[in-house]
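Report on the structure
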Amino acid sequence: ILSEVLFRKAVREACLWPNHLTLSFNLSAVSLNTPRAVTRLLSIAEQFEFPFSRLIFEITESAVLKDFESALEVLEEIKAAGARIAIDDFGTGYSSLTSLRHYPFDVIKIDNSFVAGIGQSMEDHSIVRALIELGRGLQMRVTAEGVETEEQLRLLKDDGCTEVQGFHMSHPMPADELQRLLSQLPARD
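As the structure is a computational prediction, the values presented were derived from the model and not from experiment. By convention here, each chain's residues receive numbers from 1 onward along its written sequence. At least 70 in pLDDT is required for a residue's local features to be given in this predicted model, at least 80 for side-chain atom pairs to be given and counted, and no such filter applies to totals for whole chains, interfaces and linings, which use all residues. Hydrogen atoms and water are omitted, and side-chain values are computed over all heavy atoms in the structure.

1. Describing the packing of aromatic side chains
Keep this limit in mind: When the centres of two rings from Phe, Tyr and Trp lie within 6.5 Å, Trp using its six-membered ring, the rings pair. Their planes under 30 degrees apart give stacked, over 60 give edge-to-face, and anything left gives tilted. Only runs of H or I of at least four residues qualify as helices and only runs of E of at least two qualify as strands under DSSP, and these elements are numbered from the N terminus. The buried label goes to any residue with under 20% of its type's maximum accessible area, the exposed label to any with over 50%, and the partly exposed label to all in between, with areas taken from a 1.4 Å probe on protein chains only.
Here the structure, examined in full by the defined rule, presents three aromatic pairs. Note on F7 and F25: the rings are 4.9 Å apart at their centroids and 75° apart in plane angle, and the pair reads as edge-to-face. In this pair, F7 is assigned in helix α1 (residues 2–14) and F25 in strand β1 (residues 23–26), connecting sequence segments 18 residues apart. Look at Y103 and F105: their rings are 5.7 Å apart centre to centre, the planes differ by 55°, and that puts the pair in the tilted class. There is no split in this pair, since Y103 and F105 are both buried. Through a chain of ring-to-ring contacts, the aromatic side chains of F7, F25 and F57 assemble into a single cluster.

2. Observations concerning helix α3 (residues 37–47)
Basically, it comes down to this: This arc corresponds to the set of directions leading from the helix axis out to the C-beta atoms. Should any heavy atoms of two residues lie within 4.5 Å, those residues are considered in contact.
The complete set of buried residues in α3 reads A37, V38, L41, L42, I44 and A45. All buried residues of α3 project into a common sector of 150° when viewed along the axis, lining one side. α3 presents E46 and Q47 as exposed residues on the side facing more than 90 degrees away from its buried surface. As for α3, its buried residues are in contact with α1, β1, α2 (29–32), β2 (55–60) and α5 (68–81). Phi turns positive, to about 55°, at E49, one or two residues after α3.

3. Comments concerning the sheet that holds β2
Operational definition: Here, strands pair whenever DSSP counts at least two bridges between them.
Read from one edge of the open sheet, six strands run β1-β2-β3-β4-β5-β6, paired in parallel fashion. This sheet does not close on itself; its edge strands, each paired only once, are β1 and β6 (163–164). Where β1 and β2 come together, four bridges link them in parallel fashion. In the strand pairing of β2, F25 is matched with F57.

4. Some remarks on the confidence of the model for the chain
Put simply, the rule is: The pLDDT value tells you how sure the predictor is about a given residue, anywhere from 0 up to 100.
Across the chain, pLDDT averages 89, with 96% of residues at or above 70. Mean pLDDT across the elements of the chain ranges from a minimum in helix α4 (residues 61–65), with 73, to a maximum in helix α9 (residues 150–158), with 96.

Have a look at this one:
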C-alpha cells in the first residue's frame, strides 16, 4: 500500500529529528476503512523504534463520517498505542461538534480558509477565536493551517493559538534540507 511506503519513509526521516518534534501523517478514508491498515502503520513505527507519543495521525471529519463504528475502532487503536489524533480541516464540510465529543481527538486543525480571512474578515476571525477557545476548553491542542503573513501569525498569537503551520514559517523542503535546518537549531531540554 502506498501509504505504508510513504509512512516508512517519513518515520525513517523523523528518527533523525530532535526528540521534541512530532511526525504528523494524513490518514485517508481508505486507510481508515482498510482492515489492519493502522496496525501495519504502527508496526512500521515500532520497527524503527519511533515512539508512538511522537506520532499524530491527521484525519478529516468526512473520513470518519463514512463508517462511524469502524472509524471509532481505528481511532481507539491509535489512542491505545499512545499516538495522537488530529481532526484536520476543521470548520469545513460536515464539521460537527458531535465529532469532538464522540471521537478521541487530541488536536483541532483550523482550516486555512478561515486563517486566510483573519485580519480581513470579522466573521473568519471570530470563528478562529472560537475554535481556539473550544480547543482550550476541551484540553486539545489547536493548530492554525495556512499561516502566510506576519499579521496572521500575530493575530493568532494574540488569540492564544500556540501552533501554526504555513508558508510564513517555511515552504515545503526536501528531507536533507530539513535535516540541515534542524541541526542548526539550539538543543532543547
